[in-house]
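Breakdown of the fold
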Amino acid sequence: MEEFELSEKCRQGDNLARKELYERYAGRMLGVCLRYMGDRETAQDIMHDGFLKIFSSLDKFTWRGEGSLRAWIERVMVNTALQFLRKNDVMNKTTELEEYQEKYEEPDPSEVELIPHKVLMQFISELPEGYRTVFNLYTFEERSHKEIAQLLGINEKSSASQLSRAKGTLAKKVKEYLNTHA
């Protein structure tokens, strides 16, 4: 079933279409939720909540061509994850990282490509919640610090600082991984 037809049948309440939509996108959306949550169980809860929102608000979806349904679903998932993080006030919880260095050496992209994707995603999941959230919004959602600040209720400098600390932490993990697996 094509995206447009699938979206229309879901909008009409067709449970087989809803099942197909869930099965088609659940794996990818769990990945999105895992990027924002630190653990699989919470990510699954967020994904479930996200799909409930999707099924109840398909009337708000506007078809814009192939791929627009997936993009809309992903945006709903990200917003559901951010809503959870705001509700739990993660941006105001501070985590002290020992040995944090303001300056760090970015790893060579060709070396980073040697690290399995799953390992890189694990590194991201291990970041403190605030760092992980800003990193995801900046890197994967391509949001500006101004947009991130508005979404999370923080100032732009806090967003930039959290991103810098996230990158520094990830650079250290990548370096350690490369040193032990080279």
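Refer to the preceding data block for the structure.
For clarity, every value in this text was computed on a predicted model and none was experimentally measured.

**Focus on the overall build of the protein chain**
- For the protein chain, the helix and strand inventory stands at nine helices and zero strands.
- When its helices and strands are written in sequence order, the protein chain yields α-α-α-α-α-α-α-α-α.
- Projected onto its principal axes, the C-alpha coordinates of the protein chain cover approximately 55 × 40 × 30 Å.
- Out of the 182 residues belonging to the protein chain, those deemed buried represent 40%.
- The long-range fraction of contacts in the protein chain, counting pairs at least 24 apart against all pairs at least 6 apart in sequence, stands at 67%.
- About 11,000 Å² of surface is accessible on the protein chain, with carbon and sulfur atoms providing 48% of the total.
- In the protein chain, 27 positive and 31 negative side-chain charges are present, and the distance between their average locations comes to 4 Å.

**A closer look at the nonpolar core**
- Counting 46 residues, the largest nonpolar core has Leu 21, Tyr 36, Phe 51 and Leu 69 as the members making the most contacts within it.
- Residue assignment for this core shows that the elements contributing at least two residues are α1 (3–11), α2 (15–36), α3 (40–56), α4 (68–87), α6 (117–125), α7 (129–139), α8 (145–152) and α9 (156–181).
- The residues contacting Phe 51, other than those within four sequence positions of it, are Leu 21, Tyr 22, Tyr 25, Ala 26, Met 29 and Met 77.

**Some remarks on unusual backbone geometry**
- Unlike most non-glycine residues, Glu 142 shows phi in positive territory, near 55°.
- Considering the arrangement of structural elements, one finds Glu 142 in the loop between α7 and α8.

**Remarks on the side chain of Thr 42**
- Here Thr 42 lies in helix α3.
- Looking at Thr 42, its side chain comes within polar contact range of the side chain of Asp 39, at 2.8 Å.
- For Thr 42, the contacting residues outside a window of four places in its chain are Met 37 and Phe 84.

**Looking at the packing of α7 against α8**
- Where α7 meets α8, the axes come as close as 10 Å, and the angle between the chain directions of the two elements is 135°. On the basis of their axis angle, the class for α7 and α8 is oblique. Read as a crossing pair, α7 and α8 show a hand that is right-handed. Contacts between α7 and α8 involve Thr 133, Val 134, Leu 137 and Tyr 138 on the former and, on the latter, His 145, Ile 148, Leu 151 and Leu 152.

Basis of the calculations
- Residues numbered from 1 in each chain as written.
- Predicted model: local features only at pLDDT ≥ 70, side-chain atom pairs only at ≥ 80, totals over all residues.
- Heavy atoms only, no water.
- Helix = DSSP H or I, 4+ residues; strand = E, 2+ residues; numbered from the N terminus.
- Buried < 20%, exposed > 50% of the residue type's maximum accessible area, 1.4 Å probe, protein only.
- Contact = heavy atoms within 4.5 Å.
- Areas by Shrake-Rupley, 256 points an atom, 1.4 Å probe, with all protein chains shown as cover.
- Lys, Arg positive; Asp, Glu negative; His and termini not counted.
- Charge placed at Lys NZ, Arg CZ, Asp CG, Glu CD.
- Core = buried A, V, L, I, M, F, W, Y, C linked by side-chain atoms within 4.5 Å.
- Polar contact = N/O pair within 3.5 Å; in protein donor to acceptor, adjacent residues only side chain to side chain.
- Axes fitted to C-alpha atoms, helices over the stretch in contact; angles between N-to-C directions.
- Parallel < 35°, antiparallel > 145°, perpendicular 65-115°, else oblique.
- Left-handed = near helix turned anticlockwise from the far one by under 90°.

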